[in-house]
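Close look at the chain arrangement
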Amino acid sequence: TIMTDTARLLEAASFAADRHRDQRRKDVDATPYINHPLDVARILADAGVSDVEVLMAAILHDTIEDTKTTAEELTERFGERVCSLVLEVTDDKNLPKLERKRLQVLKASTKSADAKQIKMADKISNLRDLKTPPVGWSEARVGAYIQFAEMVAGGCVGVNPALDRMFDDARMALS
Ligand code: NDP
Ligand code: ZN
């Protein structure tokens, strides 16, 4: 059956909400995890992105990395392009965390333009969230995360000027 773009977007939101249902953000209020993927998609829409498959991939961006969701499932439900965008922004979970971060920085500039926009929006969302930092984070750790986000964003700039500006604003608001 043919689904409208709106129906596909809501299908992705509903799927992600279900998969992330037992997860929380790291802030003191333990915000439901789904708020973050929805925020990433909203940031993209706010920056003028209207390609529904990019918005769907944003909503689904942490499902493979952080839940039991497989690439096959995403392809089956949402199609090849959405799945391949999600895979482009998914870390290799077999690697240790520090190595995953190093590779995110190294590989950012090699991603497709659409994946770069999702990565940029993800970093904007996380920098905005640092207004209430994860429980137990020292100022040094917050600073280290900001530096990491800046390095990833450095590989993703130049695709969407509105996103570039939002990143700078989120960065400035923290200093
Ligand atoms: P991070 O330290 O990278 O935590 C940041 C991630 O948490 C974000 O990318 C985001 O991921 C998610 N997140 C959830 N809630 C928030 C929030 N309120 N604000 C911002 N981000 C939020 O993740 P891990 O704990 O998984 O990684 C540990 C890494 O940190 C290791 O590499 C270790 O070496 C390093 N580390 C550094 C220390 C330091 O002082 N510099 C101390 C200890 C460890 P998403 O978008 O995926 O949800
Ligand atoms: Zn994320």
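Residues numbered from 1 in each chain as written. Chains lettered and ligands numbered in written order. Predicted model: local features only at pLDDT ≥ 70, side-chain atom pairs only at ≥ 80, totals over all residues. Heavy atoms only, no water.

Per an unreviewed UniProt entry, the chain carries the name Guanosine-3',5'-bis(Diphosphate) 3'-pyrophosphohydrolase and comes from Erythrobacter dokdonensis DSW-74.

A word on the site of ligand 1
Quick note on the threshold: Any residue with a heavy atom positioned within 4 Å of a molecule or strand is treated as near that molecule or strand. For this analysis, a polar contact is any N or O atom pair within 3.5 Å, provided that within protein one partner can donate a hydrogen and the other can accept it, and provided that sequence-adjacent residues contribute only side-chain to side-chain pairs. The method behind every accessible area is Shrake-Rupley, applied with a 1.4 Å probe, and residues are considered shielded solely by the protein chains displayed. A cavity here means a set of points on a 1 Å grid, drawn over the protein atoms and nothing else, where a 1.4 Å probe fits but cannot get out; a pocket is an open set with protein on both sides within 12 Å along at least five of seven lines, and a residue lines either one if it has an atom within 4 Å of a point. Pocket occupancy is defined atom-wise: a molecule lies in a cavity or pocket when more than half of its atoms are within 2 Å of its grid points. Under the convention adopted here, Pro, Cys and the residues Ala, Val, Leu, Ile, Met, Phe, Trp and Tyr are nonpolar, Asp, Glu, Lys and Arg are charged, and Gly plus all remaining residues are polar.
Lining the immediate environment of ligand 1, one finds 19 residues, of which Arg25, Tyr33, Lys101, Arg141 and Tyr145 sit closest. Between ligand 1 and Lys101, the relevant distance is 2.3 Å, taken from an oxygen atom to a side-chain nitrogen or oxygen of the residue. Bound to the protein, ligand 1 loses 72% of the 920 Å² it would expose on its own. Given that more than half its atoms are within 2 Å of the pocket grid, ligand 1 belongs to the largest pocket. Looking at the shell around ligand 1 residue by residue, the classes come out as seven nonpolar, three polar and nine charged.

Regarding the layout of surface pockets
Picture a little ball the size of a water molecule; that probe, rolled over the atoms, points out where space is still empty. Under the convention used in this document: Grid points are joined across faces, edges and corners, and a volume is the space filled by probe spheres set on the points. A run of DSSP states H or I qualifies as a helix once it reaches four residues; a run of E qualifies as a strand once it reaches two. Both are numbered from the N-terminal end.
Put simply, the largest pocket is a space of about 1,100 Å³. Considering the residues around the largest pocket, the lining is formed by 35 residues, among which Arg25, Lys26, Lys101, Asn126 and Tyr145 are closest to the centre. Contributions of two or more residues to the lining of the largest pocket are made by α2 (35–46), α4 (63–66), α7 (97–107), α8 (113–129) and α9 (139–156). Taken together, the residues that form the lining of the largest pocket break down as nine nonpolar, nine polar and 17 charged. Empty space within the second largest pocket amounts to approximately 150 Å³. Classifying every residue of the lining of the second largest pocket gives three nonpolar, two polar and seven charged.

Some remarks on the coordination of the zinc ion (ligand 2)
Just so we agree on the cut-off: Because water is not among the atoms used, a metal site may look incomplete, as its donors are only the N, O and S atoms within 2.8 Å, or 3.2 Å for Na, K and Ca. Buried residues are those whose accessible area, probed at 1.4 Å on protein chains only, stays under 20% of the maximum for their type, while exposed residues exceed 50% and partly exposed ones sit between those limits.
Coordination of the zinc ion (ligand 2) by the protein comes from His36 (NE2), His61 (NE2), Asp62 (OD) and Asp122 (OD), over a distance range of 2.1 to 2.7 Å. Mapped onto the sequence, the residues coordinating the zinc ion (ligand 2) show the spacing H-x24-H-D-x59-D. Linking His61 in the loop between α3 (52–59) and α4 with Asp122 in helix α8, this pair joins segments that are 61 residues apart in sequence. Here His61 and Asp122 have matching classes, each one buried.

A closer look at the packing of α7 against α9
For any two helices packed against each other, one specifies the crossing angle of their axes together with the interaxial distance. As a reminder of what qualifies: The axes used here are C-alpha line fits, helices contributing only the stretch in contact, and every angle between their N-to-C directions lies in the interval 0 to 180 degrees. By definition, residues are in contact when any of their heavy atoms lie within 4.5 Å.
Two elements in contact, α7 and α9, have axes whose closest approach is 7 Å; the angle formed by their N-to-C orientations is 35°. Seen from α7, the contacting residues are Lys101, Gln104 and Val105; seen from α9, they are Phe148, Met151 and Val152. Tallied by class, the residues present in the contact of α7 with α9 amount to four nonpolar, one polar and one charged.

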